Amino acid sequence: MTKSRRHWYGAIFAAFSLSLIMLGCESDEACSSDGDCGDELLCYEEACVPQCEWTPDCNEGYVCRIHTDGVSQICVLDEWPVDEETCGPVISGLTCPEPLKPVVGEPGFEYWHAQVLDRSVVDCEADEPGSDLIYISLEDSDGSVLAYGNIVDDGTTGDLNLYKNGVNLNGSPPMTEECPEFDDMSVTSLGCGGFITFEFLTPDGNRVSAEAGTQVRVFEFGSQCFTDDTTPDEFGVYLCTDPNNTPATCTYFIGSGSGEIVALVP
Ligand SMILES: [Ca+2]
Ligand SMILES: [Ca+2]
């Protein structure tokens, strides 16, 4: 989609969202399924809400998130409270959102997929849009790498995103564990509101599950790198409760932040 067309859509969405608020649709128009809602609207938490391509399409205070159908994207209220009880055992450099659809994993649950979801809303049309992933790894509690993330669902966004071929996120160790040159072989940018869902592969190519006590490290090109020319990005890390990887189940929030973070698997 061209930049001007995106702006055009954004304007339409913004106007549409405004009209919805004026009509009270987002809070008052009850629904039990998508079919109950008008054109361009979908049913979320029993209210009709507008669709979106990314967060800039939504009104201020709203973010673009994947719908429960696992395909569409909708504007939902951006709730980002800092609450240790809600956040759970995050352990390193993290801030905490409230998950879109909280799902509590069971003790001892094996998670086969993790999702990194971009939360950037500023400078989304820059040439390094959204969070810039260098690698994601699954580690034991001592920080020894068990496996690296391999893309299973590519939800990157942005036609202007030049860094989304994903070759650096194929389950192989990163070329360097330091900050690499910022290029499309070393970095995959999610695009604003974009996401990637990962499985974890050993060097032999075997899948590994994330069990309680392991930790997920996300190394994003952030303030720990030479970032004079890059904008700060924020992202959330989620586990998927469906072992067959239905994207809509990737809602179990375990951490968020910018740059390099480590989130404990509860
Ligand atoms: Ca970026
Ligand atoms: Ca970045």
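Residues numbered from 1 in each chain as written. Chains lettered and ligands numbered in written order. Predicted model: local features only at pLDDT ≥ 70, side-chain atom pairs only at ≥ 80, totals over all residues.

(A) Geometry of the overall build of the chain. Tallying secondary structure elements over the chain gives three helices and 15 strands in all. Across the 266 residues of the chain, 45% fall into the buried class. (Helix = DSSP H or I, 4+ residues; strand = E, 2+ residues; numbered from the N terminus. Buried ≥ 20, exposed ≤ 12 C-beta atoms within 10 Å, placed from the backbone.)

(B) Spatial organisation of the nonpolar core. With 38 residues, the main nonpolar core has A114, V116, V216, Y238, L239 and I254 as its most contacted residues. Not counting residues up to four positions away in its chain, the partners in contact with V216 are A114, I136, L138, A210, V237, I254, A263 and V265. (Core = buried A, V, L, I, M, F, W, Y, C linked by C-beta atoms within 7 Å. Contact = placed C-beta atoms within 7 Å.)

(C) Examining the pairing of strand β1 (residues 41-44) more closely. Residues L41 and C43 line one face of β1 and the alternating positions L42 and Y44 line the opposite face, and both faces are buried. Pairing between β1 and strand β2 (residues 47-50): four bridges, direction antiparallel. Each bridged residue has a counterpart across the sheet, and for L42 the counterpart in β2 is V49. Connecting the antiparallel pair β1 and β2 is a turn made up of two residues, with E45 showing a positive phi of about 50°. (Pairing = 2+ DSSP bridges.)

(D) Spotlight on the environment of T197. Locating T197 in the fold gives a position in strand β10 (residues 195-201). Classification of T197 as buried rests on a count of 21 C-beta atoms within 10 Å. Through-space distance from the C-alpha of T197 to that of L117 is 8.6 Å; in sequence the pair is 80 residues apart. Setting aside residues up to four positions removed in sequence, T197 forms contacts with H113, Q115, V152, D153, C240, N245, P247 and C250.

(E) Summary view of the pairing of strand β8 (residues 145-155). Both strand β7 (residues 132-139) and β8 contribute to a ladder of three bridges, which runs antiparallel. By the bridge assignment, S137 is partnered in β8 with Y148. Once β7 ends, the chain turns through five residues before running back antiparallel as β8, passing G143 with a positive phi of about 90°. One ladder, built from seven bridges, connects β8 with β10; its direction is antiparallel. By the bridge assignment for β10, D153 is matched with T197.

(F) Seen up close, the environment of P180. Along the chain, the position of P180 falls in the loop between β8 and β9 (188-189). P180 sits in the partly exposed class, given 18 other C-beta atoms within 10 Å. Discounting residues that sit within four places of it in the chain, P180 has contacts with I134, M175 and S186.

(G) Broad picture of the confidence of the model for the chain. Taken over all residues, the pLDDT of the chain has a mean of 76, while the share at 70 or more is 71%. The least confident element of the chain, judged by mean pLDDT, is strand β5 (residues 90-92) at 33; the most confident is β7 at 97. Segment residues 1-27: pLDDT under 50, and 28 contacts once partners within four positions in sequence are set aside and those in other chains are kept. Counting contacts from residues 80-105, a segment whose pLDDT is below 50, to residues more than four positions away or on other chains yields 53 contacts. (pLDDT = per-residue confidence, 0-100.)

(H) Representation of unusual backbone geometry in the model. You will see that E40, though not glycine, has its phi angle at about 70°, which is positive. Along the chain, E40 falls in the loop between α2 (25-28) and β1. The phi angle at E45 is positive, at roughly 50°, despite the residue not being glycine. Within the fold, E45 resides in the loop between β1 and β2. C-beta crowding within 10 Å serves as the criterion here: with 11 such atoms nearby, E45 is assigned to the exposed category.

(I) Just the environment of I254, in detail. For I254, the position within the fold is in strand β14 (residues 252-257). A C-alpha to C-alpha distance of 6.8 Å links I254 and V265, two positions eleven residues apart in sequence.

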